[in-house]
Amino acid sequence: MSDILSQAEIEALLSSLSDDSPAPDAGNGPAANLASSLLDQGGNRLAKNGVNSFGGANRKLAPISYELYDFRRSDKFSKDQLKTLQILHETFARLAATSLSGYLRTAVSIELVSLEQIPYEEYSRSINQSVFTILSMPPLTGQAVLEVEFNLVFSMIDKLLGGPGKGINRRVLTDIEKPLVRQMIEKLFVGLKNAWEGVVIVNPGIEAMETSSQFVQICPPNDVVVTILFEVKIGKSRGAMSICIPYLLLKPITTKLSAQKWFVNTSRKQSSAARRILTTQVQRSQVPCRIELGKTKLSMQDFVNLRIGDTLVLNRRSEDQLPFIIGDVPKFEGRPNMHNNHIIFSILNTVEPD
């Protein structure tokens, strides 16, 4: 039978679509098949608009849920993997803040603001003038970027050199400032290495330093990267710091970025390595120590009238033992002595805690 419809059959199909009456019987040939397909298409098109014309009166259908998908920004990491990376870098923020606080001798606060996966081109466009540190993370293959705002960099340099920590409106580093910035970045690397120990032991190293994003190309523009944004507070100064890690660098360890596996590995690693790190940090700590000769009470008038040669009567006798105080807690008792023309303190016993 011929697949070409006659003019009468075409008019019958069109009239059946325009009217609500059923189409005339065209037999079992191609006309019948075309009629059923056209009716089905018409019904589906109406259904997509939320109206169903079949079954008598019109009735609205429930809206169809959908989600927009951008093929240029394909997701490489699952939510579980992103959560693990967030936990890792929250730990890095705490360790880095502690390291910088001791190095700059001032209070430093670092807080994680956001973590997301975006194309590298979008990350490079969002940042223009900052100090970009291109770093390697062996044994992982590839490069990452640590970015710090100029205002924050100059605040740290000013604080390191004894100033109040005031930022400078400048967009270039001198030959003297570059080594200082490298030392501060290396302090951050110590926290980064310790934070990543639960997943993989990395050894971050500085490959290069730039002051413009156009000279920083660690991966193709359309490649997916993980960007971690931090807020850094140093005294009254406040600035932003970010880390950009390409997907290709993390691809060999994506199976280890599971929160369950990470917690299991972390619990197992409470061994000699963790004890050694803790012992090293404690041994380097400095605590104030003092010996208390005694106490007395003076009126403000007597205190103002004190002169050289005056004698104060303390609440201890000469044969009493003196407390040796560490921090604000008495730990030992002893007596002062002389040795080679130097005053020494001989510890005789310990003080039991209350």
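Relevant structure appears above.
As the structure is a prediction and not an experimental result, all values here were calculated from the model.

Conventions and cut-offs
- Residues numbered from 1 in each chain as written.
- Predicted model: local features only at pLDDT ≥ 70, side-chain atom pairs only at ≥ 80, totals over all residues.
- Heavy atoms only, no water.
- Helix = DSSP H or I, 4+ residues; strand = E, 2+ residues; numbered from the N terminus.
- Buried < 20%, exposed > 50% of the residue type's maximum accessible area, 1.4 Å probe, protein only.
- Contact = heavy atoms within 4.5 Å.
- Areas by Shrake-Rupley, 256 points an atom, 1.4 Å probe, with all protein chains shown as cover.
- Phe/Tyr/Trp six-rings, centres within 6.5 Å; stacked < 30°, edge-to-face > 60°.
- Axes fitted to C-alpha atoms, helices over the stretch in contact; angles between N-to-C directions.
- Parallel < 35°, antiparallel > 145°, perpendicular 65-115°, else oblique.
- Nonpolar A, V, L, I, M, F, W, Y, C, P; charged D, E, K, R; others polar.
- Core = buried A, V, L, I, M, F, W, Y, C linked by side-chain atoms within 4.5 Å.
- Patch = residues over 30% accessible without salt bridge, like charges linked within 9 Å, V, L, I, M, F, W, Y side chains within 5 Å.
- Salt bridge = Lys/Arg side-chain N within 4 Å of Asp/Glu carboxyl O.
- Disulfide = S-S within 2.5 Å.
- Pairing = 2+ DSSP bridges.
- Left-handed = near helix turned anticlockwise from the far one by under 90°.

Novice: What exactly am I supposed to notice about the overall build of the chain here?
Specialist: Along the backbone of the chain there are 10 helices and 12 strands. The buried share of the chain, taken over its 354 residues, is 32%. A separation of at least 24 residues holds for 60% of the contacts in the chain among residues at least 6 apart in sequence. Surface accessibility of the chain: about 23,400 Å² in total, with carbon and sulfur atoms responsible for 53%.

Novice: Explain the packing of aromatic side chains to me, please; I cannot follow it from the model alone.
Specialist: Two measures describe an aromatic ring pair: the distance that separates the ring centres and the angle between the ring planes. Within the structure shown, the criterion is met by five aromatic pairs. Where F324 meets F332, the ring centres are 6.2 Å apart and the plane angle is 50°; that geometry is what we call tilted. The buried category is assigned to F324, whose relative accessible area is 18%. Centre to centre, the rings of F324 and F345 are 5.8 Å apart; their planes meet at 25°, and the pair counts as stacked. In this pair, F324 sits in strand 10 (residues 322–326) while F345 sits in strand 12 (residues 342–350), placing the two residues 21 residues apart along the sequence.

Novice: I'm lost on the packing of helix 3 (residues 79–104) against helix 5 (residues 150–160) in this one. Help?
Specialist: The axes of two packed helices give the description: the angle between them and the distance between them. Where helix 3 contacts helix 5, the axes come no closer than 9 Å and their chain directions differ by 40°. The pairing of helix 3 with helix 5 is recorded here as oblique in orientation. Residues L100, Y103 and L104 of helix 3 pack against M156, K159 and L160 of helix 5. By residue class, the composition of the contact of helix 3 with helix 5 is five nonpolar, no polar and one charged.

Novice: Is there a simple way to explain the nonpolar core in this structure?
Specialist: Soluble, globular proteins show a tendency: their nonpolar side chains are buried together. Membership of the largest hydrophobic core comes to 53 residues, with the highest contact counts inside it found for L85, F92, I110, W196, M241 and L250. In terms of residue count, the dominant contributor to this core is helix 3 (nine residues).

Novice: Would you mind showing me how to read a nonpolar patch on the surface here?
Specialist: Where nonpolar side chains cluster on the molecular surface, the patch consists of I291, L293, L298, M300, F303, V304, L306, L312 and L314 and spans about 830 Å² of accessible area. When residues of the nonpolar patch are assigned to their parent elements, the largest contribution, three residues, is made by helix 10 (residues 300–304). Positionally, F303 belongs in helix 10.

Novice: Could you clarify how one ought to interpret the state of the cysteines in this entry?
Specialist: Across all of its chains, the model carries zero disulfides by this definition. Not part of a disulfide, C219 finds its nearest cysteine sulfur in C244, a span of 6.2 Å.

Novice: Whenever I open this one, the pattern of salt bridges confuses me. Can you help?
Specialist: Once their charged atoms are close, side chains differing in charge can pair, the charge on each being opposite to the other. This structure, assessed with the given rule, holds five salt bridges. A salt bridge links E231 to R238, with the shortest nitrogen-to-oxygen separation between them at 3.4 Å. With a relative accessible area of 52%, R238 lands in the exposed category. Between D328 and R290 there is a salt bridge, and its shortest N-O distance comes to 3.9 Å. Highlighted residues: D328 in the loop between strand 10 and strand 11 (329–339) and R290 in strand 9 (residues 289–291), separated in sequence by 38 residues. Exposure remark for D328: the relative accessible area of 69% places this residue in the exposed category. Classification of R290 by relative accessible area gives partly exposed; the value is 42%.

Novice: For this particular structure, what's the right way to read unusual backbone geometry?
Specialist: The general pattern is negative phi for most residues beyond glycine and trans for most peptide bonds. Following P138, the chain continues into P139 via a peptide bond in cis, with omega recorded as 10°. Mapping P139 onto the fold places it in the loop between strand 4 (130–136) and strand 5 (143–149). Phi is positive for R105, which is not a glycine, with a value near 55°. One can find R105 in the loop between helix 3 and strand 3 (108–119).

Novice: What is the right way to look at the pairing of strand 8 (residues 237–246) in this model?
Specialist: Two faces belong to every sheet, and in a regular strand the side chains alternate between them. The buried count for strand 8 comes to nine of 10 residues, which makes it a mostly enclosed element. Where strand 5 lies against strand 8, four bridges are found, and the strand directions are antiparallel. When the bridges of strand 8 are listed, E147 appears paired with S242. As judged from the 10 bridges shared by strand 7 (residues 224–234) and strand 8, these two strands associate in the antiparallel manner. Paired with V225 across the strands is P246, a residue of strand 8. What sits between the antiparallel neighbours strand 7 and strand 8 is a turn of two residues, in which G235 has the positive phi angle 65°.

Novice: Teacher, can you tell me more about the packing of helix 3 against helix 6 (residues 177–195) here?
Specialist: Where helix 3 contacts helix 6, the two axes come as close as 8 Å, and the packing angle between them is 140°. The way helix 3 lies across helix 6 gives a crossing that is right-handed. Where helix 3 abuts helix 6, its residues L88, H89, T91, F92, L95, A96, S99, L100, Y103 and L104 lie against Q183, M184, K187, L188, G191, L192, N194 and A195. Split by residue class, the contact of helix 3 with helix 6 holds 11 nonpolar, six polar and one charged.

Novice: Just checking my understanding: could you explain the sheet that holds strand 6 (residues 205–210) for this structure?
Specialist: One key point about sheets: their strands pair by backbone hydrogen bonds, in either a parallel or an antiparallel sense. Read from one edge of the open sheet, six strands run 3-7-8-5-4-6, paired in antiparallel fashion. This sheet does not close on itself; its edge strands, each paired only once, are strand 3 and strand 6. Neighbouring strand axes in the sheet, compared pairwise and without regard to direction, differ in orientation by 20° on average. Taken together, the 11 bridges between strand 3 and strand 7 define a ladder with antiparallel strand orientation.

None of the figures reported here should be taken as evidence of function without further support.
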